[in-house]
Each structure stands twice: as structure tokens, then as C-alpha cells.
Amino acid sequence: MAAAGQDNNFRDGKNEINGDFSGNGANNAGSIQDVSLLDEENDMEPLASPGQSPNKGDDKSRSRSRKPFHYPANRRQSEELDSHSTLATYNRYRYYSRLAPPDDHRMRIPDHIVPASLFYPAMFVDRSQKQGSLITIFSIWNTMMGTSLLSMPWALGKAGFVLGLVIMVVMAGLTLYTCYRVIKSVEGVDQEGEVLEFSDVCRHYLGRWGEGCSVFFSLSALMGAMIVYWVLMTNFLYNVVSFAYENIHASGNETSASTEGENTHQILYCQSLRPPMRGVLSYGLIINMYFSTTVLCPLNSSHTPHTGNMSGMFQVPTPDDTFHHVWERVKTVPFFLIILVFPLLNFKSPTFFTKFNALGTMSVVYLLVFVSVKAAQWGIHLDFSHTGKDVDVTEASEYFPILTGTLALAFFIHNAAVSICRNQKHPENNGRDLSIAYVCVMVTYVVVGAVFYASFPKDKSCIEDNLLNNFSNTDTLAFVARVFLLFQMWTVFPLLFYIFRLQFMHTLFGTTYPSLVHVVVLNLLLVGVCVIFARFLPHIGTIIRFSGAFCGLAYIFTLPCLVYLVRLKQTGRLTWPIAAVHGFIILLGLANFVGQFFFLNKT
Ligand SMILES: N[C@@H](Cc1ccc(O)cc1)C(=O)O
């Protein structure tokens, strides 16, 4: 699931770079899950594969004429030349070429993407490599599902159960509408066979500042995603290693589990028994832990918001306890993570990691199963009558901007939508397919958010901004989720850095790999920011809602509406009601952003 992605496209006459989130076929961008996308075109490097002679023209014509194999010169020509398959293949070629290190002349379309039917049943993908509606819908769903999934029950709870559900539907509708505007906006710009991104559209209608804005906010979304990833990876790494340590430690002491929470008494009780009773009861305890229904309420324990310390999950360090001093959730683990991640960030091309894209879908499915199993174990705990018979429900709360901020990121796909829909077999269905995908995403969020919230058996305010924090490490399902997500995020992280580097370096230096030193310095800076957050503000809910509201203000609410209004004005079709409605949408985005600051201490 996600991370934020990018679509950016800078051109300065000679150079061109695209961050292309292709939802096509095997690729999906963004999510907690996965990032694919990325395309880079470096004018210094020919796209031609071996055997093709590079264009020998001057620099200017070279940048335009440096087209790979059969790329058509203009749109009309492209139609004449069996345009569908040509352009589709070109898009794929270009996309993968950009994943190559700038000096890798041997880059060619990897085998695994050529026959798309290897990945998708033939009925979904036609011979011209265009994607059917099912693939488009799935790609949008898969790309959009991100880390915000883990925060959904928490965010829903902040708004109140009833109001929260209403807001989820309204935000889905609103973001769907503006995303639709993004896709439609490309149609108004005809650039002779160019592969356009929304940033190009912004430049076309709003000028350089429009393009700059879209690039900046796209990069910001990416930065936010990287921070969330670091916080989550820290969390998972801490829990997994601690669990391993506690288990080894505990088995040395003839206990079979951590000395934590409700299990502590049972473990001590088991230890006090003589065999064979001890064996029988210990076995029962292990079974109990596998199907644990134990729920943590970190807020009610010694949890302190500023450290994000889930001390209820493990032993509190004693003065001679070296492990717990060295291995601390927020004080040391964010730094240990550098050892695990940093070496992977400096590769020229991280294409290898795109092979793990499928893990993204699996992680969403696993979380859905996880929440369903827990809900089935817990049953429904909702007391609307406030009589104290069951767990009290808040129907509506003034903290609802926390949910709207979170949803702004959750429904954020606007910087990838154009790429995903580009290869639609029937572009006229884009609106319908986008709507279906948004409904699917909304249903997924509602299932995770509402089901988890409704079944949560303790005080609803205990729900954590990372729902896995409500489970101890002795909970097998939660443990598996942590290990799985840790690995999956670890494979996505280098891709996020890569996209950021492409766009950032190209903007500053005109090349995407100025030198190893440049790359290492940029990576150090980015990792530094991530570590600072993981150390001092390790709350994914806060990071998600702020980055969602900030980037959403530009990318969801403002730019699509502005572009639309300018387009209507240019064609003489702008009316006051249309201007008022779209102006109102922009105001909503502004209110959403400002609203985040009213609840700074709400984690
Ligand atoms: N929507 C994703 C984040 C994301 C942002 C932009 C994208 O293009 C893709 C994914 C989330 O919920 O975390």
C-alpha cells in the first residue's frame, strides 16, 4: 500500500523527465504496497536499444527526434501506423527505459512485460497491449490503497461513527469528481503524440507556476509517504525483533511467550504448576495466543503521545537490561533502520524492486482478512443508547477534520490517474471505470474502518492511528502482518526514493544522476528527515492527515478546478454557477487544510 506517487514532467527544451505512474498491467504506483511507475528520459542518453544508431542531429532536434524504434512523428502519422500497438509499445518501452541507469544503453523492454497476457488472462488484455476496464479498475484500486488503510478506523472514530461514514461517502464523491476532471483535462491539450501528464496540462493552462505547483505538491506527497513508511518500518522492525528476543529470552526461562499484558498471569500460573498439568495448560495458552482476541489500549497504559512508546507491549527496561536500552522504539530503532535501508537507496536504478509489486495487493487482502477475522472473534460492540451496556459510540464529533485530512490522502490518486488511464482500450469508459474504482476503494476503506471500529471491544478512543498497534506481538495474525508489511515496505522504499531523486535532481541539475556524491547527499538528507519524524513525531495519523490536506489542497481541490475553469473560459463556456461550484470546492480544500491545525494534539 502507499506511498504517494508522482507524475511529473519537466521539459526545458533539451531535457525531459517524466515520473509516470503506470497502472498498466503489472504496474501500480504509490500505495503501502507498491510503487511502479517511474519513468525517466535523460536527453544525454539515447533510448535506442543496441543496434539502433542514435540520431545524429543537433542537440535541439535530437531531443525531439530521439525516438525509439518505430515511434511515430505525429499523431496523424501514428494513426496511420497501427497507432494503438505502436503507442502502447512505445509507452511501455519508454517507461522501462527510464528505469534504466542513465548510462545503461542495453535497456530494453523486460521479458516480463512484453506478453501482458502472462500476467492477466487474455480476455483482459488485447493484442495491442491496451488494457481493458477490469485492469484499469484494479490498477486504480490497487494504487490508491495506501498506508492510510491502517489509519482508517482511528480517523473514522475521530469524526464519530455516523458522521464519519457520511464524510467517507462525500469525500469519495468529491475526490472522484476532481480526479475525473484531471483525466478529462488532458483531452483538451493536443501535443502531437506527446505522452502528457497532469503537470503538462497545468503548464498549458496555468503557465510555469502551475507546472511548478503540481511538481512541488507531487514531491511533497512523496516526501510524506516516505516519512510514513519510515515510521511504520520502525514500528514493525521494533516489534518483530522485540518479539524474537522476548521469545528466545522467555524460552531460556522456560516460558513460551512474552511477559506481557493479560498473558502474564496465565504464564506465571502455568509456571507455578507441576508437569503434566503445566504442559497441558501451556499448550492451551499457546493455542490461545495464536487465536488471541487480546486487545491493547496503549492510551490507557503508560503510553505517552510524544514518544509513541507502546510500553504496554513489552517489558519496561530495567537498569541492567541491555537489550531494552539498546532496542528502543523511538530512541534507537529509527537509526538502526538506516543500516537496513540506506544501502539500497544509492543504486542507479532500483528496477529490481518492482518485482515485488504484487506484494502490495497481497498486503491489502491480508489486512482485509485480518480485520474480518478479528471482527468475527470480537463480535459487534456498539452502544448507541449510551447506557453503558456495551462500548459507547460517538455518533458525531467536532474532530471530523482529522478524518477529512486522512481521506484526502486515502483518495489521492490524482497524480497517477492520467498514466493509469492512458492505455485504456476504450477511453470513453474512463469516467465509468474511475467511478467503479472509487466505489471499490471506498468500500475497502469502509470495511476496514467501520468493521474494525464497530467490533473493537474496548473504549473506542483506544483505537490507534496504526491499527496494528492495538495488538500485542503474541498475536500471531498481527505478527505476520508486521513481518509481511515490513518486507513489503522495505522493497517499495527504494522506489519512492528513486522517483523523488529523478524529479528533484533533474529539476536542479538537468540530469537525474549528477554523481554518486549528489545522490548520497540527497539520500542522507531525506533519510534524516524521515528519522527525525520517526524519533520525534512517530504518529502516522498526524503525518497522513497533514500531508493529505496539504497536497490535497493543491492536487485534489485547486489545480483540477482551476484548470477546468481556465479551459472553459478559453472556450467561452464559463458560467457563474460553474465558477461558484468550483470555487466552493477550492474553499473546501482550504478549510480542510486549515482545519488540521485545530487539533494538533489529537494523535
Ligand atoms: N492513496 C494512498 C497514497 C497515494 C498517493 C498518491 C498516489 O498516486 C498513490 C497513492 C494512501 O492512501 O496512502
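Residues numbered from 1 in each chain as written. Predicted model: local features only at pLDDT ≥ 70, side-chain atom pairs only at ≥ 80, totals over all residues. Heavy atoms only, no water.

Caption draft 1: Quick look at the overall build of the protein chain. When its secondary structure is counted, the protein chain shows 20 helices and 2 strands. Nonlocal contacts in the protein chain, meaning residues at least 24 apart in sequence, comprise 78% of its contacts between residues at least 6 apart. Accessible surface computed for the protein chain: about 24,000 Å², of which carbon and sulfur atoms make up 67%. (Helix = DSSP H or I, 4+ residues; strand = E, 2+ residues; numbered from the N terminus. Contact = heavy atoms within 4.5 Å. Areas by Shrake-Rupley, 256 points an atom, 1.4 Å probe, with all protein chains shown as cover.)

Caption draft 2: Structural context of helix α19 (residues 540–570). Over its 31 residues, α19 runs 42 Å from end to end, which matches the ideal 45 Å to within 8%, given 1.5 Å per residue. Gly 552 marks where α19 bends most, by close to 55°. Burial analysis of α19 places 25 of its 31 residues in the buried class, the great majority of the element. Directly after α19, the chain includes Gly 572, whose backbone phi takes a positive value near 70°. (Expected span 1.5 Å × (residues − 1). Bend = angle between axes of the 7 residues up to and from the residue. Buried < 20%, exposed > 50% of the residue type's maximum accessible area, 1.4 Å probe, protein only.)

Caption draft 3: Representation of the packing of aromatic side chains within the structure. In the structure shown here, the tally under the stated rule is 31 aromatic pairs. Centre to centre, the rings of Trp 378 and Phe 471 are 5.8 Å apart; their planes meet at 0°, and the pair counts as stacked. Of this pair, Trp 378 sits in helix α13 (residues 358–378) while Phe 471 sits in the loop between α16 (430–455) and α17 (476–509), and the two are 93 residues apart along the sequence. As far as the burial class goes, Trp 378 and Phe 471 line up, both buried. Arranged with centres 5.3 Å apart and planes meeting at 90°, the rings of Phe 593 and Phe 597 form a pair that is edge-to-face. Phe 593 sits in the buried class, given a relative accessible area of 18%. Taken together, the aromatic side chains of Phe 216, Phe 217, Phe 546, Phe 550, Phe 593 and Phe 597 make up a single cluster linked through ring pairs. One residue, Arg 181, lies across the ring of Tyr 564, its end atom 3.7 Å from the ring centre. A cation over a ring is seen here: Lys 460 above Tyr 453, with NZ or CZ 5.2 Å from the ring centre. (Phe/Tyr/Trp six-rings, centres within 6.5 Å; stacked < 30°, edge-to-face > 60°. Lys NZ or Arg CZ within 6 Å of the ring centre and 35° of its normal.)

Caption draft 4: Inspection of a nonpolar patch on the surface at higher detail. Together, Phe 584, Leu 587, Leu 588, Leu 590, Val 594 and Phe 598 make up an exposed nonpolar region whose accessible area comes to about 590 Å². Within the fold, Phe 598 resides in the segment after α20 (576–596). (Patch = residues over 30% accessible without salt bridge, like charges linked within 9 Å, V, L, I, M, F, W, Y side chains within 5 Å. Salt bridge = Lys/Arg side-chain N within 4 Å of Asp/Glu carboxyl O.)

Caption draft 5: Seen up close, the pattern of salt bridges. All chains considered together, the criterion is met by 8 salt bridges. Between Glu 187 and Lys 184 there is a salt bridge whose closest N-O contact spans 3.3 Å. Remark: Lys 184 and Glu 187 occur in helix α6 (residues 161–187); sequence separation between them is 3 residues, near one turn of the helix. Measuring nitrogen to oxygen at the nearest pair gives 2.7 Å for the salt bridge that ties Asp 475 to Lys 374. In this pair, Asp 475 sits in the loop between α16 and α17 while Lys 374 sits in helix α13, placing the two residues 101 residues apart along the sequence. Considered together, Asp 475 and Lys 374 belong to a single accessibility category, that of buried residues. Connected through shared salt-bridge partners, Asp 200, Arg 203, Arg 208 and Glu 211 make up one network.

Caption draft 6: View of the state of the cysteines. Summed over the entire model, instances satisfying the criterion amount to 1 disulfide. The partner cysteine of Cys 297 in its disulfide is Cys 462, sulfur to sulfur 1.8 Å. Negative torsions about the S-S bond denote left-handed disulfides, and the value of about -75° found for Cys 297 with Cys 462 makes this one left-handed. Taken as a pair, Cys 297 in the loop between α10 (277–290) and α11 (322–326) and Cys 462 in the loop between α16 and α17 lie far apart in primary sequence, 165 residues in all. Judged by relative accessible area, Cys 297 falls into the buried class, the value being 11%. Here Cys 440 stays free of any disulfide, with the sulfur of Cys 421 as its closest cysteine sulfur at 14 Å. For Cys 440, a relative accessible area of 30% translates into the label partly exposed. (Disulfide = S-S within 2.5 Å.)

Caption draft 7: Molecular detail of the environment of His 539. Structurally, His 539 can be placed in the loop between α18 (516–536) and α19. His 539 sits in the buried class, given a relative accessible area of 7%. Here the alpha-carbon distance between His 539 and Leu 232, two residues 307 residues apart in the chain, equals 9.1 Å.

Caption draft 8: Main features of the confidence of the model for the protein chain. A residue-level look at the protein chain finds 67% of positions with pLDDT of 70 or above and a mean pLDDT of 75. Between residues 254–273, whose pLDDT stays under 50, and residues either more than four places distant or in other chains, the model counts 41 contacts. (pLDDT = per-residue confidence, 0-100.)

Caption draft 9: View of the environment of Ala 375. On the secondary structure map, Ala 375 appears in helix α13. You can call Ala 375 buried: its relative accessible area is 12%. Sequence spacing of Ala 375 and Val 451 is 76 residues, and the spatial spacing of their C-alpha atoms is 6.7 Å. Leave out the neighbours within four places in its chain, and Ala 375 touches Val 451 and Ser 455.

Caption draft 10: View of the UniProt feature "domain: Amino acid transporter transmembrane" (unreviewed entry) in the protein chain. Per the UniProt annotation, the sites labelled "domain: Amino acid transporter transmembrane" (unreviewed entry) are residues 134–247 and 328–593. Counted over residues 328–593, helix gives 68% and strand 0%. Its end C-alpha atoms are 33 Å apart. (UniProt positions renumbered as here; feature names shortened; annotations may be inferred.)

Caption draft 11: Region of interest: the packing of helix α5 (residues 148–159) against α6. Two elements in contact, α5 and α6, have axes whose closest approach is 6 Å; the angle formed by their N-to-C orientations is 115°. Classed by the angle they form, the pair α5 and α6 counts as roughly perpendicular. Considering the relative orientation of α5 and α6, their crossing is right-handed. Taken together, the residues of α6 that come into contact with α5 (itself represented by Met 152, Leu 156 and Ala 159) are Phe 161, Leu 163, Gly 164, Leu 165, Ile 167 and Met 168. Along the lines of polarity and charge, the residues of the contact of α5 with α6 split into 8 nonpolar, 1 polar and no charged. (Axes fitted to C-alpha atoms, helices over the stretch in contact; angles between N-to-C directions. Parallel < 35°, antiparallel > 145°, perpendicular 65-115°, else oblique. Left-handed = near helix turned anticlockwise from the far one by under 90°. Nonpolar A, V, L, I, M, F, W, Y, C, P; charged D, E, K, R; others polar.)

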